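# Topology and contacts: notes
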Amino acid sequence: MEIERKFTVKTIPVNLDQYQFHTIEQAYLNTDPVVRIRKEDDNYYLTYKGKGLMAREEYNLPLNEQSYYHLREKADGNVIAKKRYLIPVENPTFASDFEFPVDQISLTIELDIFEAPFENLIIAEVEFPDEKTAQAFMPVDWFLDDVTNNPEYHNSNLSRKKL
């Protein structure tokens, strides 16, 4: 199960070079249901995602390089390329009625900086252990809008966007 919230950002941290990152390329074989192939650094995956916006089933299967490029030729729409920075959330804050020891919750912001043809797009995603924690999470100060429930910000929909 994947449980995540997505945000646009006001500003990106100035010290991005201190964080670990992945170089990602992904393409979609189908968008309903979502069947995606991904190259993340030197690893390759086929992913199935169920329906949903904040929470949905997700299954990853390993691919080899040859299989990835073979399937990439069969993909529809835009190939999406981005750099994903992994930024730990220092002292995450939650809604005041959240009843869980917050010192036991470790969260990471996945900051996606997209390349052409989406080079002006920057999205921050935060994955959570459960829906209650996701709903109680208070965004960090450099986040702008919560776009979790806006399908326009799903990569599968970006892959179909006419440019």
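Residues numbered from 1 in each chain as written. Predicted model: local features only at pLDDT ≥ 70, side-chain atom pairs only at ≥ 80, totals over all residues. Heavy atoms only, no water.

### What about the overall build of the protein chain?
- What the protein chain contains, in helices and strands, is three helices and 12 strands.
- With the principal axes as the frame, the protein chain shows a C-alpha extent of 50 × 35 × 30 Å.
- For the protein chain, the computed accessible surface area is about 9,400 Å², with 47% contributed by carbon and sulfur atoms.
- Placing the 18 positive and 29 negative side-chain charges of the protein chain at their respective mean positions leaves the two points 6 Å apart. (Helix = DSSP H or I, 4+ residues; strand = E, 2+ residues; numbered from the N terminus. Areas by Shrake-Rupley, 256 points an atom, 1.4 Å probe, with all protein chains shown as cover. Lys, Arg positive; Asp, Glu negative; His and termini not counted. Charge placed at Lys NZ, Arg CZ, Asp CG, Glu CD.)

### Details of the packing of aromatic side chains
- The final tally for this structure, using the stated rule, is 11 aromatic pairs.
- When the centroid spacing of 4.8 Å and the interplanar angle of 25° are considered together, the rings of Phe 94 and Phe 98 count as stacked. Exposure class is identical for Phe 94 and Phe 98. Each is buried.
- Three or more aromatic residues joined by ring pairs make a cluster, and in this case those are Phe 7, Phe 94, Phe 98, Phe 128, Phe 137, Trp 142 and Phe 143.
- Over the aromatic face of Phe 21 sits the side chain of Lys 83, whose NZ or CZ is 4.5 Å from the ring centroid. (Phe/Tyr/Trp six-rings, centres within 6.5 Å; stacked < 30°, edge-to-face > 60°. Buried < 20%, exposed > 50% of the residue type's maximum accessible area, 1.4 Å probe, protein only. Lys NZ or Arg CZ within 6 Å of the ring centre and 35° of its normal.)

### Details of the side chain of Arg 38
- Inspection of the secondary structure puts Arg 38 in strand β3 (residues 34-40).
- A polar atom in the side chain of Arg 38 sits 2.6 Å from the side chain of Gln 26.
- The residues contacting Arg 38, other than those within four sequence positions of it, are Ile 24, Glu 25, Gln 26, Asn 43, Tyr 44, Tyr 45, Tyr 68, Lys 82 and Arg 84. (Polar contact = N/O pair within 3.5 Å; in protein donor to acceptor, adjacent residues only side chain to side chain. Contact = heavy atoms within 4.5 Å.)

### Topic: the pattern of salt bridges
- Within the structure shown, the criterion is met by 13 salt bridges.
- What emerges from the salt-bridge pattern is a single network uniting Glu 4, Lys 6, Lys 82, Arg 84, Glu 110, Asp 112 and Glu 125. (Salt bridge = Lys/Arg side-chain N within 4 Å of Asp/Glu carboxyl O.)

### A word on the pairing of strand β2 (residues 21-31)
- Pairing geometry for β2 and strand β7 (residues 76-88), over seven bridges, is antiparallel. Counted as the bridge partner of Glu 25 is Ala 81 from β7.
- Pairing geometry for β2 and β3, over seven bridges, is antiparallel. Among the inter-strand pairings, Asn 30 is bridged to a residue of β3, identified as Val 35. (Pairing = 2+ DSSP bridges.)

### Considering the environment of Thr 47
- Along the chain, Thr 47 falls in strand β4 (residues 43-49).
- When the C-alpha positions of Thr 47 and Tyr 69 are compared, they lie 15 Å apart, and in sequence the two are 22 residues distant.
- What Thr 47 contacts, discounting residues up to four positions off in sequence, is Val 34, Val 35, Arg 36, Glu 58, Tyr 59 and Asn 60.
- At 2.4 Å, the side chain of Thr 47 and the side chain of Asn 60 are in polar contact.

### Notes on the pairing of β7
- In this sheet, strand β9 (residues 108-114) lies alongside β7 in antiparallel orientation, the contact comprising seven bridges. Residue pairing across strands places Leu 86 opposite Glu 110, the latter belonging to β9.

### Considering the nonpolar core
- Ranked by size, the top nonpolar core spans 24 residues in total, and within it Ile 87, Leu 107, Ile 109, Leu 111, Phe 137 and Phe 143 carry the most contacts.
- No other element matches strand β1 (residues 2-9), which puts three residues into this core.
- Leu 111 has contacts with Val 9, Ile 12, Pro 13, Leu 16, Lys 83, Arg 84, Tyr 85, Ile 87, Ile 122, Ile 123, Ala 124 and Trp 142, leaving out every residue within four places of it along the chain. (Core = buried A, V, L, I, M, F, W, Y, C linked by side-chain atoms within 4.5 Å.)

### A closer look at unusual backbone geometry
- For the bond running from Asp 32 to Pro 33, omega is 5°, close enough to zero to count as cis.
- With respect to the helices and strands, Pro 33 occurs in the loop between β2 and β3.
- Look at the link from Ala 116 to Pro 117: it is a cis peptide, with omega at 10°.
- For Pro 117, the position within the fold is in the loop between β9 and β10 (122-127).
- Unlike most non-glycine residues, Asp 41 shows phi in positive territory, near 60°.
- Tracing the backbone shows Asp 41 in the loop between β3 and β4.
- Despite not being glycine, Asn 91 shows a phi value in the positive range, around 50°.
- Positionally, Asn 91 belongs in the loop between β7 and β8 (93-94).
- Under the relative-accessibility criterion, Asn 91 is labelled exposed at 69%.

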